[in-house]
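Architecture at a glance
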Amino acid sequence: MAYGLTSNGLDPFISNSTTMKARAPLPIKGPLFASSHPSHFLDTLAMGRSATGALLAVVGLLLPLVISDAIRNPIRLPSDRIDDPRVDGGGGDDAVGTRWAVLIAGSRGYYNYRHQADICHAYQIMKNGGLKDENIIVFMYDDIAYNEENPRPGVIINHPKGGDVYAGVPKDYVGDDVNVNNFFAVLLGNKTALTGGSGKVVNSGPDDHIFVFYSDHGGPGVLGLPTYPYLYSDELVDVLKKKHALGSYRSLVFYLEACESGSIFEGLLPEDINIYATTASNAYESSWGTYCPGEDLSLPPEFHTCLGDLYSVSWMEDSSKLSVASIYSDVHNLRTETLKQQYQLIKTRTSVHDNYRHGSHVMQYGNLELNAEKLFSYLGSNPANDNATFIEDNSLLSFHKAAVNQRDADLVYFWHKYQRAPLGSFQKHDAHKELLDVMAHRLHIDASVELIGNLLFGAERGPAVLQMVRPAGQPLVDDWSCLRSMVRTFERHCGSLSEYGMKHTRSLSNICNAGVDEETMAKVSAQACASIPANPWSSLQRGLSA
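Please read all numbers here as calculations on a predicted model, not as lab measurements. (Residues numbered from 1 in each chain as written. Predicted model: local features only at pLDDT ≥ 70, side-chain atom pairs only at ≥ 80, totals over all residues. Heavy atoms only, no water.)

1. Considerations on the pairing of strand 9 (residues 275-279)
The side chains of a regular strand alternate, first on one face of the sheet and then on the other. Quick note on the threshold: The buried label applies to any residue whose accessible area, calculated with a 1.4 Å probe on protein chains only, is under 20% of its type's maximum; exposed applies above 50%, and partly exposed to all values in between. Each helix is a run of H or I in the DSSP string that is no shorter than four residues. Each strand is a run of E no shorter than two, and both are numbered from the N terminus. Strands are treated as partners if at least two bridges between them are detected by DSSP.
Within strand 9, five of the five residues are buried, leaving the element largely enclosed by the surrounding structure. In strand 9, alternate side chains face the same way, and those of Ile275, Ala277 and Thr279 on one face and Tyr276 and Thr278 on the other are all buried. Bridge count for strand 8 (residues 251-257) against strand 9 is five bridges, and the pairing is parallel. By the bridge assignment, Phe254 is partnered in strand 9 with Ala277.

This is the structure we're talking about:
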């Protein structure tokens, strides 16, 4: 079930271990405890009092001693351990647990610059928060920093005035090693299931805290990757359940940047497995790129691609003084700021102050009691921020028309690339062809799905069936295997959905929910698509996405 804040706020139930505070010992009154002298205790026993009376007398004698010892050597609750200055930033002190971070950029290509920029920035926050490289696992295709289009070779930035966030980032899983199999193997700590990469996995224990940040394109019930197949909601949640069953974490926080990202957890993520997730959007809307060409903000003129994503930069600029020190003066102390406080700030900023015209609804799922915990438990804390205090209204940049729909960010890139190319040059010709290819692919996918809906349900009923959104709390589809089957069937006849076409997984889910079988879907797909267009976006050279 999703939880969004109402006008009155949402106050989650807080466990006793979180809210208990030290209290002064109660005064001991009554004749039985009038004195703690040993002779009085012996007199009590000699009087032949009941066993209960004798026990109370013993308690009366020992209680002052226990209280005195507790003052000198306070007993810490498990929930108190995380605020202990001895908490280990990476690994080593198993008594208080270890922080782990899994960071994954699920795209490739210079036009998707922002996703790898997000992940690199997140790494710098973890590193400066005290986490060790052995406990930070990074997935990124790594084709941006030294891309021929990058005007600053070897450098990646996540803010128009920000510094390099690429330096020092571990190359754990790059290129084709960024895939579903390796991501799941890393989460489960299963080294034997890995194919390539550094071999690092989340080898966590029952006292550990895990933070997962995923930034990419998405669609209803699906997350993109630079390799096929894509990642589907039911598979991810099943892996999270397995991780919980292993007893290998105390709590896990998942931050997810993608279109329709709420659909990944909606109706699927249990509330009782100590996982708290926030998403960039609800189950049926796009998320937004930011720091893009043509925005109100002053983007460095040499860039013609978005530098970040709205939800992602919102939580990171709240968490870090590192790359924007000269811009924001009230960065928060992560030792005192809670997950809930950050959620509220991200929600306000990403909604563009409840405007939503250029923003989205940030959502939260899972065990909401966890959002009372400090960010320090997961991100560590940069010592430079330790004297900062939390305030509800901060100076984080407010976006008005400074964001681009994630699904249109590639069009912004290709258009500006075409505009900037010298007139009459080969670059101009190639950029023009790229722009036409991406637009033709979009038109083909949209028209094909619409026609399939009309063939299945009729021209009047078809659009309504395909666009139907289920009530909050229900998963996208009843049979996830059916959804993957419908995706494969569509792609065999009509070509790859690609990043843009992921938005149509809702339509394909509704076809499943309507009871259409694979054979019928194959027949209508063949009718709708006489052939697969000859462009790189529709090509099946990389295989099927499901």
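2. Some points on the packing of aromatic side chains
Put simply, the rule is: Pairing of aromatic side chains here covers Phe, Tyr and the six-membered ring of Trp, requires ring centres within 6.5 Å, and sorts the geometry by plane angle: under 30 degrees stacked, over 60 edge-to-face, intermediate tilted.
Taken as a whole, this structure holds 22 aromatic pairs when the rule is applied. With a centroid separation of 5.8 Å and an interplanar angle of 75 degrees, the aromatic rings of Tyr113 and Phe303 are classed as edge-to-face. With Tyr113 in helix 4 (residues 113-128) and Phe303 in the loop between strand 10 (288-290) and strand 11 (308-309), this pair connects stretches of sequence that are 190 residues apart. Accessibility expressed as a relative area gives 2% for Phe303, which makes it buried. On the numbers, 5.5 Å between centres and 65 degrees between planes, the contact of Phe211 with Trp315 is edge-to-face. Separated by 104 residues along the polypeptide, Phe211 in strand 4 (residues 209-215) and Trp315 in helix 7 (residues 310-319) bring together distant segments of the chain. Given the relative accessible area of 1%, Phe211 is considered buried.

3. A few points about the side chain of Ser312
Defined as follows: Identification of polar contacts relies on pairs of N or O atoms within 3.5 Å, with a donor-acceptor requirement for protein atoms, meaning one able to donate a hydrogen and the other able to accept it, and with residues adjacent in sequence counted only if both atoms are side-chain atoms. Residues are treated as being in contact if the distance between any of their heavy atoms lies within 4.5 Å.
Among the secondary structure elements, Ser312 is positioned in helix 7. In terms of polar contacts, Ser312 uses its side chain to reach the side chain of Glu257, at 2.8 Å. Beyond its immediate stretch of four places on either side in the chain, Ser312 contacts Asp118, Phe213, Ser215 and Glu257.

4. A few points about the UniProt feature "active site" (unreviewed entry) in the protein chain
Applicable threshold: UniProt positions are given in the numbering used here, feature names are shortened, and annotations may be inferred rather than shown by experiment.
Here the UniProt feature "active site" (unreviewed entry) sits at His217 and Cys259. Look at the named residues: they lie 43 residues apart in sequence, but the longest C-alpha span between them is just 6.1 Å, so in the fold they bunch up. Considering the arrangement of structural elements, one finds His217 in the loop between strand 4 and strand 5 (218-219). Under the relative-accessibility criterion, His217 is labelled buried at 6%. Sequence-distant contacts of His217, defined by excluding residues within four places in its chain, comprise Ser107, Asn112, Arg114, His115, Leu223, Gly224, Ala258, Gln406, Glu499 and Met502.

5. Section: the state of the cysteines
The following threshold applies: Any cysteine sulfur atom paired with another within 2.5 Å is treated as part of a disulfide.
Tallied over the entire structure, the rule returns three disulfides. Bridging Cys482 to Cys512, the disulfide has an S-S length of 2.2 Å. An S-S torsion of about -100 degrees defines the bridge between Cys482 and Cys512 as left-handed. Of this pair, Cys482 sits in helix 13 (residues 480-494) while Cys512 sits in helix 15 (residues 505-513), and the two are 30 residues apart along the sequence. Each member of the pair, Cys482 as well as Cys512, carries the same accessibility label: buried. One disulfide bridge connects Cys494 with Cys529, the sulfur atoms lying 2.0 Å from each other. Of note, the bridge from Cys494 to Cys529 carries an S-S torsion of about 95 degrees and is right-handed in sense. Here Cys494 is found in helix 13, whereas its partner Cys529 is found in the segment after helix 16 (518-528), with 35 residues between them in sequence. Judged by its relative accessible area of 0%, Cys494 falls in the buried class.

6. Overview of the side chain of Thr227
Take Thr227: it is sitting in the loop between strand 6 (222-223) and strand 7 (231-232). What makes Thr227 buried here is its relative accessible area of 10%. Polar contacts involving the side chain of Thr227 include one to the main-chain carbonyl oxygen of Val178, which spans 2.7 Å. With near-sequence residues (within four places) excluded, Thr227 lies in contact with Gly175, Asp176, Val178, Asn179 and Arg542.

7. Section: unusual backbone geometry
Cis peptide bonds are those with omega within 30 degrees of zero, and the linkage from Tyr228 to Pro229 qualifies with 0 degrees. Take Pro229: it is sitting in the loop between strand 6 and strand 7. One non-glycine residue, Tyr291, lies in the positive phi region at around 55 degrees. Among the structural elements, Tyr291 can be located in the loop between strand 10 and strand 11.

8. A look at the sheet that holds strand 5
To summarise the sheet geometry, strands pair through backbone hydrogen bonds and adopt either a parallel or an antiparallel arrangement. Spatially, the three strands line up as an open sheet ordered 5-6-7, and their pairing is antiparallel. The sheet terminates laterally at strand 5 and strand 7, the two strands that pair on one side only. Judged from the two bridges that link them, strand 6 and strand 7 form a sheet pairing that is antiparallel. Paired with Val222 across the two strands is Tyr232, which belongs to strand 7.

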